[in-house]
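Letter by letter, the chains look like this.
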Amino acid sequence: MSGVLHVRGLTKRYPAFALEEVSFDLRPGAITGFIGRNGAGKSTTFKSLLNLVHPDAGEVRFFGLEFAGHEREIKSRIGYVPGEFVYYPRKKLGAIVDVTRHFYPNWDEEAYRRCLERFSLEEGKTVSQLSAGMKVKFALTLALSHRAELLLLDEPTSGLDPVSREELLEEFLRLSREEGVTILFSTHITSDLDRCADEILYLRKGRLAERGSREELVDRYRLVTAKEKPENSLGACPTADGWTALYHTGDAPEGKPASLEDIMVHLEKGGEA
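Computed from a predicted model, the values in this text were never measured in an experiment. (Residues numbered from 1 in each chain as written. Predicted model: local features only at pLDDT ≥ 70, side-chain atom pairs only at ≥ 80, totals over all residues. Heavy atoms only, no water.)

A. Examining the pairing of strand S12 (residues 235–238) more closely. As paired strands, S12 and strand S13 (residues 243–248) are joined by four bridges and run antiparallel to one another. The partner of Pro-238 across the bridge, within S13, is Trp-243. Taken together, S12 and the strand that follows it, S13, pair antiparallel across an intervening segment of four residues, in which Gly-242 is found at a positive phi of about 155°. (Pairing = 2+ DSSP bridges. Helix = DSSP H or I, 4+ residues; strand = E, 2+ residues; numbered from the N terminus.)

Here it is as structure tokens:
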């Protein structure tokens, strides 16, 4: 099976949590948003894809290649930004880059210099001197400087101010549209996906609850407002004036299109009933 990333039946079980039978493919050049509440299994999925934790079952192929036996080649073609920034805080950025560039035979010094300028990064600064947004931009710089074809980004916009988030989303769009980079990034900030995502994967309690294009997903649901709590909805939330409830489009006699946030919040509330 060829393609950027092909995942079938990915499973990882812990005593108190299980990632169960996760399957999806990434469309080349597309931005795929990976949504779900905290603890849904998004980080476990990333770690399982890269064998940072050993999956219990499933098939994972990058560019048609199995990770086992092709790890070096695959890693030279992908960029991974984990949820936690793990570089030594007192190391200067230039020193980190000097070490990093030796791991990638396809390191592109011109691309690296362009990223420094685009992100306003200074090699003489230490990691501890960077804001949260600049740390993410530095991690992206390292990924883009070896011409990564696929970016795996775990909560890259979490904790950023609105301006920094917008700058990163603009960069994701540029990479996708102008350079054909495929991007998978997890988030619980669904407004980010309204801005830039082509595809959506919705993970709920360790299982994929929804997947498809952003347009397809929002077309599947309608949001209904009512004075009393509606019956037989997929999930209902109280408001100052009554209730909002989520229905499949064909089951709603009236209502408005639901946003990604509406869908996730109401489905999660429905699961609590």
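Moving on, there is more to tell.
B. Layout of the state of the cysteines. Per the stated rule, a full pass over the model turns up zero disulfides. Distance from the sulfur of Cys-196, which forms no disulfide, to the nearest cysteine sulfur (Cys-115) is 18 Å. (Disulfide = S-S within 2.5 Å.)

C. How the structure looks around the pattern of salt bridges. Applying the stated criterion across every chain, the model contains 26 salt bridges. As a salt-bridge pair, Arg-27 and Glu-199 come within 3.1 Å of each other at their nearest N and O atoms. Of this pair, Arg-27 sits in the loop between strand S2 (18–25) and strand S3 (31–35) while Glu-199 sits in strand S9 (residues 199–204), and the two are 172 residues apart along the sequence. Put simply, Arg-118 and Glu-171 hold a salt bridge, and the shortest N to O gap is 3.2 Å. Of the two residues, Arg-118 is situated in helix H4 (residues 109–119) and Glu-171 in helix H6 (residues 162–179); the sequence distance between them amounts to 53 residues. Classification of Arg-118 by relative accessible area gives partly exposed; the value is 34%. Exposure remark for Glu-171: the relative accessible area of 6% places this residue in the buried category. Salt bridges sharing partners connect three or more residues here, namely Asp-98, Arg-101, Glu-109, Arg-113 and Glu-123. (Salt bridge = Lys/Arg side-chain N within 4 Å of Asp/Glu carboxyl O. Buried < 20%, exposed > 50% of the residue type's maximum accessible area, 1.4 Å probe, protein only.)

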